[in-house]
Each structure stands twice: as C-alpha cells, then as structure tokens.
Amino acid sequence: MSQSQQTQNLTLVQAVRDGLHTEMTNDDRVVVMGEDVGKNGGVFRATEGLWNEFGDDRVIDTPLAESGIAGTAIGMATMGMRPVAEMQFSGFMYPAFDQIVSHAARLRTRSRGRFTCPLVVRAPYGGGIRAPEHHSESKEAFYAHEAGLKVVIPSTPYDTKGLLISAIRDPDPVIFLEPKLIYRAFRGDVPEDDYEVPIGEAAVRREGTDVSVYTYGAMTRPTMEAADILEEDGVSVEVVDLRTVSPMDKETIVESFEKTGRAAVVHEAPKTGGLGAEITATLQEKALLHQEAPVERIAGYDVPYPLYALEDYYLPSVARVEEGIRNAVEF
Amino acid sequence: MSVLQRDPQDMLRVLDEGGEPVGEVPDLSDDELVTMYREMYLARHFDTRAVSLQRQGRMGTYPPLSGQEGAQIGSAFALDEEDWLFPSYREHGAALHRGLPLKRTLLYWMGHEKGNRIPDDVNMFPVAVPIATQVLHATGAAWAKKLQDEDAAVMCYFGDGATSEGDFHEGLNFAGVFDTPNVFFCNNNQWAISVPRERQTASATIAQKATAYGFEGVQVDGMDPLAVYAATRAAVEKAKNPEEGERRPTLIEAVQYRFGAHTTADDPTVYRDTDEVEEWKKKDPIPRLEKFLRNTGRLDDETVEAIESSVKDEVAEAIEAAESEPRPEPSEMFSDVFAEQTPEIRAQAEAFAEMYERHGDEGFLRE
Ligand SMILES: Cc1ncc(C[n+]2csc(CCOP(=O)(O)OP(=O)(O)O)c2C)c(N)n1
C-alpha cells in the first residue's frame, strides 16, 4: 500500500488513466497501444494526455486491426516489454480472440516457461449506454473459460487503479474488462501513488446474514440498491463483488454462503454458460449441506444483445435483482 | 480501353472542382443525371437532419456522411437491379438509392431492431458495424452467384481503416483466387476516427493493393460522382462479363473526405485541422455536379428549388414516420434468435413476460 495519504476524487475511467500513467512513469517497459489511443486519447478518454507526455513510441496509435494489435503485443511481451493493448470495445475483440486464446494464454505452457506473456488487454465492455450494435456485449465467460488467462472486472475507481497496476505487473496475460456503464457514473477516492489491489480476491461490499449475492462490474450498483430496499423489509443481504472473475475467489464465495445458506448471482452476461453457473456449481460442490434454497441467477438473456430501444429490458434492473434475491430468501 | 486499365496511382477524374469536364462524361441520360443530383442532395439533407436529431436526443449515436455523397450515389448508380450491396455503417445514401426507405435507416439509429430488416425486394445486407467483416461476406455472396451461374455483381463498401484488418486481405485474396464477381469499394475519407490514412498503410495508394491479389485496382476522385460512376460501371460490367484474360474483381479506391465527425460521439477537433476540412470543402461533390448540370443546361433555378423543397418534405415525412413508430415490444428481443425458439429461450421469454406484467416499464426503464 501507498505511504502517501494524498488522494484524488476520480471517475472509473480517470482511474484507468491514472493507473496507466502511474505504471508508465514507474516502468519504461510499459507501452500503451491500440486504435485512437494516441492523439485522440481513446474514444472514452482512458488514455487522455498520455501521448503528449510519453510520445509516439510509448503511446501507439496502431492500424485498425485487433489481431495485429494483440499478436504484435504478444511478440513485444515475450521480448521483455510490458504492452497494454486497448481493444476499442470488447465487442470488437473477436479478431484478436485467436491471438489471445491460441497464443497469449498458452505461451508459457507451450514453451515450458521459456517464453511468457506479461500482457494486459483492456477493453470497455458491457451495455447500458445506448450504444450502436455490437458495442454492448458482455462475454467475460469466453475468456474465463480459457486456461492461462486472468480476467479482471473492477467496479470502483479505487479497485480500477490498483487492479490495473497489478495486471501490468502480473507475469501472465490479463484481460481487463472495464464496465463502461459506470465509467463516469460516480467518483471515488484514489491514492495518487501506486498501490496494488491483488488479482483473485473478492471484496465483501456489504455484510449480511440472510442471503449472499455475488456480482461484479456494473451490476454491483443495482445489486447494492436492491440490497438497500430489501434491508427496509428486514432482509439482510451480503454482497460479494468478485472483482476478478478468473481466477475466482472461491474461498470468499463459500465463506459467505456458509453464513447465509442462500444465494443469488447477478450478471448482465447471458445466463447460459455464464459465470453464475460456475458460482452455482462451486456452492454445490463445496457447500451443499449449507444450501437452503436454489441459487437464483439474475442474468442477461440467451439472445444477442438488443439494439438500445430494448436494452433496459435486457439488463438486470433493480426491480429484477430485488425480485430474484427475494425468491432465494423466500424459497 | 477500359477506364480500369490504368496505373493505380493515376486518379480518374471526369469533373474538375469547378464542375468543368476534364474527362469523358459517362453515358447517362439527362434524367438520370438530375436524379443523381437529387439523391446526393437528399443524402446531404438527411444527414444534416439526422445529426440534429441526435443532438436533440431524439436519436442515438449516428455516423454522418456529408462529403461522401458523390462516392455513395455515384457508385450505387452503377449497379444493376440484380446486383447486391454490402454496406458498412455509413452508406445511408447508397442504401437510399437501392430503395431502402429512409425510415428504416432512422429506426436503426434510433435503436429499433426493425430498422435492420431490409425489405425483401432490396438486394442489400444489413449494416456492418464490426470493421471489414462484410468484405468476406461479399466475396462469399459473389462466389455463390458465380457457382449458381447467376449474372450478378456484388458491391462491398468499407473505409480506409478497414483495409488494415485481416478480413479485408482474406476477402480480396479469395476473390482473386476464385475469380468472383466483386466490386470492392473503399471510401478513403482520410481518417479512421483519429487515425490518418498514413497510419493504416505504407503503400502509396490503397488501389495498388489489388495488384497483390491479381486484379485491377483503380483510384478515383471520390468527390466527383461522374468519375465514381464511370469506374464503378466498368467494374460491374467486368465482374459480369470479363473479357478474355480479365479477372472479375476490382478494387476501387475513392479518394474523398468526410466533413463531419466520425460519429456524433466523436470530436474531430482533437485530432483534425479545421483548415484541412475547409480545403476539402472546395471539392464538395454537390455544387460540383450542380455546376456541370447547370452549365450544360440540364438544371436551372426552378428545378433546383423544386428538388430542394421535395427533398425537405421527403425527409420530414420519414422522420415523422420513424418517430411515430411505437416503442418496440420487449418480447421482440426473444424472437428471430433461431428459426424455432429453443425451450430455454421460450422459458426466459415467459419469465420475462410475467415479470413485465407485474412491474410494467417502471421496473425496467432507467433514466
Ligand atoms: C473490428 C472493429 N474494430 C474497431 C471498431 C471501432 N471503430 C468503428 S469505426 C472505426 C474507424 C473506421 O474507419 P474506416 O474504416 O476508415 O471507415 P470510416 O468510418 O472512416 O468511414 C473504428 C475503429 C469497429 N467498429 N470494429
């Protein structure tokens, strides 16, 4: 942890920028690369001002080619650099998917440790901002399913900076998904100095005794709101923010469940094969005898993410989350 | 000799910036030429209105096209009825020429699924938002036409940025290898969001890339609708009826400029000089064609006024129609995922409907 008490009040996207800035200052092996990350400062301003400060060789506007970005970043990473590649939107990451899953994820294993891939791939992800087609998907399960990748999804500005610094320092490839719905939704105190938030540790955002609710990213907010409403009705909700979806902090997940015996999972990704299924299976494996109700999964539907006139119906709303939690409690 | 047989660095022009002919005027009737002008004018007016709807919060993010009317309408004009069009996300003008109602385009950018439904009698694919992906679809579609012995060319639009993606190279490579009836039309508007053309490729022209795939590439002045028409028409004809030893596909690089932002979510002043915009405005395709048509006695004040007012009415009607479209039913989300709804999707749709019944819009809509 940082010694300094100095903090800034930042939005989540400003915390991304601050994390990049801090680590680029600390370590000149760190380069930022991607589409429009340079002079434009990123379409969400996540790299604003970095190009002015660090120049063309460290903040690199690449040609429009995701496979090119990921693949060359892998090459750079193997040769001792610390590339942070931005994918403009996670929905456009698929051309890079082959490079990420076939190569970044397996390089250490394939070369028996000779080559490693200390790479971070950042992408704004998720829905809720009235964006056009293909800009709102939530496909973290693809990456979590791939051995050899770590998958981080922060929900607060403080965690964002700390987790990003950890990701850059991590000796393995990290997929860093930034919930763009909350890029500017609120501010939080962020230390000016560098600090790490460890990858692989969940945070208990709210303690409770009746039901455990597992969530992450942008869905943490409607979950907390629903918990407030339920509190008024005398239901005590514990909210666990995973922060890292792979590796998943199963210890914290199970510990919470052993206390409450009831659970709900909230994510905006489609229900089938989503991380809710992984959490549910974990509870079944590790805490079956504590289980007093079926685990509720409050998730996106198994349909392509709709155009924005319908997106509010697709995304778990406070009312939907509240109802789901109630089902788990009242079973 | 075909206009396509030229050095890819030699830019084809028919009208100069003042609308004076400097090349061979293509064989189009007076009516067709005036229609071309009208459609360009319509595309410009539509674009201006669409940007303002977005600013007023009546529409979501929208990609403007102003400056690109000559390339869009000039090229679409060269297609025959049976030909197909694979657009990017900015070809509202070309789509309009093919018969896609303006209302559909508006609905799409207003976030309605309905806007993506291309009427059955319009040979056109839905908008492609992921860059360059449509290039491969267009190659496959043209390949199908060839295998099915159908005489149809397939037009595919994309930007200069798209030429960096693997899909672009794979699409052109397949087209060359399988000699498919494709016209690849690159709208080189100088910028891919904030990244200038020079950051996409170190080759002198985009047109010359065709050489590597074994077919012709030609550079045209994209703000000269008649040059665009001439090149595209030759490419369409060659796609369907190649001469002995000719390859069917062609890559056309239309050199042009987009006057406005990349999309309404973008601020070009961060990366683009206003002087640059002013320079390109001198090449504006609309006054250029207008001057030519006036000088040759095909257009006068009266016709221009009539066009202006009919265009305004047409766009106003389309906006009115799009805005009176009711909010889509939430259940639409669950339809058309598969030919037949799977049990899981049906269960999710039912659960949703029950919940909707209980909560109404209040339980879902934010803001
Ligand atoms: C695969 C993919 N990557 C990134 C994006 C985000 N994006 C949308 S448009 C654009 C620039 C496209 O430039 P260009 O191909 O030149 O076409 P233009 O918009 O200038 O007409 C980018 C990077 C995307 N839509 N798809």
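Keep in mind it's a predicted model, so treat the numbers as computed, not measured. (Residues numbered from 1 in each chain as written. Chains lettered and ligands numbered in written order. Predicted model: local features only at pLDDT ≥ 70, side-chain atom pairs only at ≥ 80, totals over all residues. Heavy atoms only, no water.)

A. Focus on the sheet that holds strand β7 (residues 250–255) of chain B. All names here are of chain B. Read from one edge to the other, the open sheet built from 5 strands follows the order β1-β2-β3-β7-β6, with strand pairing classed as parallel. Edge strands, defined here as strands with exactly one partner in the open sheet, are β1 (84–86) and β6 (216–221). Mean inter-strand twist for the sheet, computed between neighbouring axes without regard to direction, equals 20°. By the bridge criterion, 3 bridges tie β1 to strand β2 (residues 154–159) in an arrangement that is parallel. (Pairing = 2+ DSSP bridges. Helix = DSSP H or I, 4+ residues; strand = E, 2+ residues; numbered from the N terminus. Axes fitted to C-alpha atoms, helices over the stretch in contact; angles between N-to-C directions.)

B. Geometry of the domain arrangement of chain B. Domain assignment breaks chain B into domain 1 (30–323) and domain 2 (330–364). For domain 1 of chain B versus domain 2 of chain B, the distance between C-alpha centres works out to 37 Å. (Domains from an automatic or database assignment.)

C. A look at the interface of chain B and chain A. In this assembly, 48 residues from chain B lie in contact with 43 residues from chain A. Carbon and sulfur atoms make up 56% of the area that chain B and chain A hide from each other, which totals about 3900 Å². Across the contact surface, chain B and chain A share 3 salt bridges. Across the pair Arg 366 of chain B and Asp 312 of chain A runs a salt bridge, and its minimum N-O distance is 2.9 Å. Applying the counting rule to chain B against chain A returns 18 residue pairs in polar contact (both at pLDDT 80 or more). Within the residue set of the side of chain B that touches chain A, elements represented by two or more residues are α4 (102–109) and α12 (343–359) of chain B. It is α12 of chain B that contributes the most residues to the side of chain B that touches chain A, 8 residues altogether. Classifying every residue of the side of chain B that touches chain A gives 25 nonpolar, 13 polar and 10 charged. (Contact = heavy atoms within 4.5 Å. Buried area = accessible area lost by both parts, 1.4 Å probe. Salt bridge = Lys/Arg side-chain N within 4 Å of Asp/Glu carboxyl O. Polar contact = N/O pair within 3.5 Å; in protein donor to acceptor, adjacent residues only side chain to side chain. Nonpolar A, V, L, I, M, F, W, Y, C, P; charged D, E, K, R; others polar.)

D. Representation of the sheet that holds strand β12 (residues 244–246) of chain A in the model. Residue and element names in this part refer to chain A. Taken in spatial order, the 7 strands make up an open sheet running β3-β2-β4-β5-β7-β6-β12, and their pairing is mixed. In the strand order of this sheet, the two ends are held by β3 (59–61) and β12, each with one partner. Recorded for the sheet is a direction-independent mean angle of 20° between the axes of neighbouring strands. Where strand β4 (residues 82–86) meets strand β5 (residues 120–125), 3 bridges bridge the pair, whose relative direction is parallel. Paired with Ala 85 across the two strands is Val 121, which belongs to β5.

E. Spatial organisation of the packing of aromatic side chains. Applying the stated criterion across every chain yields a total of 31 aromatic pairs over all chains. Considering the side-chain rings of Tyr 313 of chain A and Phe 364 of chain B, the 5.8 Å spacing of their centres and the 45° angle between planes classify their relative orientation as tilted. In this pair, Tyr 313 of chain A is assigned in helix α11 (residues 311–314) and Phe 364 of chain B in the segment after α12, connecting two distinct chains. Each member of the pair Tyr 313 of chain A and Phe 364 of chain B is classed as buried. Both rings, one in Trp 191 of chain B and one in Tyr 271 of chain B, keep their centres 5.4 Å apart while their planes meet at 50°; by these two values the pair is tilted. Of this pair, Trp 191 of chain B sits in strand β4 (residues 191–192) while Tyr 271 of chain B sits in the loop between β7 and α9 (274–281), and the two are 80 residues apart along the sequence. Just as Trp 191 of chain B is buried, Tyr 271 of chain B falls in that class too. Just above the ring of Phe 259 of chain B sits the side chain of Lys 281 of chain B; from NZ or CZ to the centre is 5.7 Å. (Phe/Tyr/Trp six-rings, centres within 6.5 Å; stacked < 30°, edge-to-face > 60°. Buried < 20%, exposed > 50% of the residue type's maximum accessible area, 1.4 Å probe, protein only. Lys NZ or Arg CZ within 6 Å of the ring centre and 35° of its normal.)

F. Local environment of the side chain of Asp 36 of chain A. Here Asp 36 of chain A is to be found in the loop between β2 (30–34) and α2 (50–54). Those residues in contact with Asp 36 of chain A that lie beyond four places of it in its chain are Gly 41, Gly 42, Val 43, Asp 61 and Gln 88 of chain A together with Ala 192, Ile 193, Ser 194 and Val 195 of chain B.

G. Inspection of the site of the ligand at higher detail. Taken together, 21 residues sit near the ligand, with Glu 66 of chain A together with Tyr 89, Arg 90, Gly 161 and Trp 191 of chain B positioned nearest. Looking at the residues close to the ligand, they fall on chains A and B. In the environment of the ligand, a nitrogen atom lies 3.0 Å from a nitrogen or oxygen atom belonging to the backbone of Val 129 of chain B. In the model, an oxygen atom of the ligand is placed 3.0 Å from a nitrogen or oxygen of the Ala 162 of chain B main chain. Taking 580 Å² as the accessible area of the ligand by itself, protein coverage stands at 96%. Residue classes in the shell around the ligand are distributed as 10 nonpolar, 5 polar and 6 charged. (Near = heavy atom within 4 Å. Areas by Shrake-Rupley, 256 points an atom, 1.4 Å probe, with all protein chains shown as cover.)

H. Just the confidence of the model for chain B, in detail. A residue-level look at chain B finds 100% of positions with pLDDT of 70 or above and a mean pLDDT of 97. Predicted complex metrics record ipTM = 0.96 and pTM = 0.97. (pLDDT = per-residue confidence, 0-100.)

I. Geometry of the UniProt feature "domain: Dehydrogenase E1 component" (unreviewed entry) in chain B. Residues annotated in UniProt with the feature "domain: Dehydrogenase E1 component" (unreviewed entry) correspond here to residues 38–330 of chain B. With 45% helix and 11% strand, the stretch residues 38–330 of chain B has end C-alpha atoms that lie 39 Å from each other. (UniProt positions renumbered as here; feature names shortened; annotations may be inferred.)

J. Expanded view of helix α1 (residues 30–55) of chain B. Taking 1.5 Å per residue as the helical rise, α1 of chain B with its 26 residues ought to reach 38 Å, and the 38 Å between its terminal C-alpha atoms agrees with that figure. Downstream of α1 of chain B by a residue or two, Gly 57 of chain B has a phi angle that is positive, lying close to 75°. (Expected span 1.5 Å × (residues − 1).)

K. Molecular detail of a negative patch on the surface. A surface patch of negative charge is lined by Glu 24, Asp 27, Asp 31 and Glu 32 of chain B. Mapped onto the elements of the fold, Asp 27 of chain B is located in the segment before α1. (Patch = residues over 30% accessible without salt bridge, like charges linked within 9 Å, V, L, I, M, F, W, Y side chains within 5 Å. Lys, Arg positive; Asp, Glu negative; His and termini not counted. Charge placed at Lys NZ, Arg CZ, Asp CG, Glu CD.)

L. Fine view of a nonpolar patch on the surface. A cluster of nonpolar side chains, namely Phe 174, Val 177 and Phe 178 of chain B, defines an oily patch on the protein surface of about 270 Å² accessible area. Within the secondary structure, Phe 178 of chain B sits in helix α6 (residues 166–178).

M. Quick peek at the pairing of strand β13 (residues 263–270) of chain A. Residues and elements named next belong to chain A. Of all the 8 residues making up β13, 8 are buried; the element is thus mostly covered by neighbouring parts of the structure. Sheet topology places strand β10 (residues 211–215) next to β13; 4 bridges connect them, and they run parallel. Along β13, the bridge assignment pairs Tyr 214 with Val 265. Note that β13 and strand β14 (residues 296–300) share 4 bridges and pair parallel. Considered in β14, the bridge of Pro 270 is made with Gly 300.

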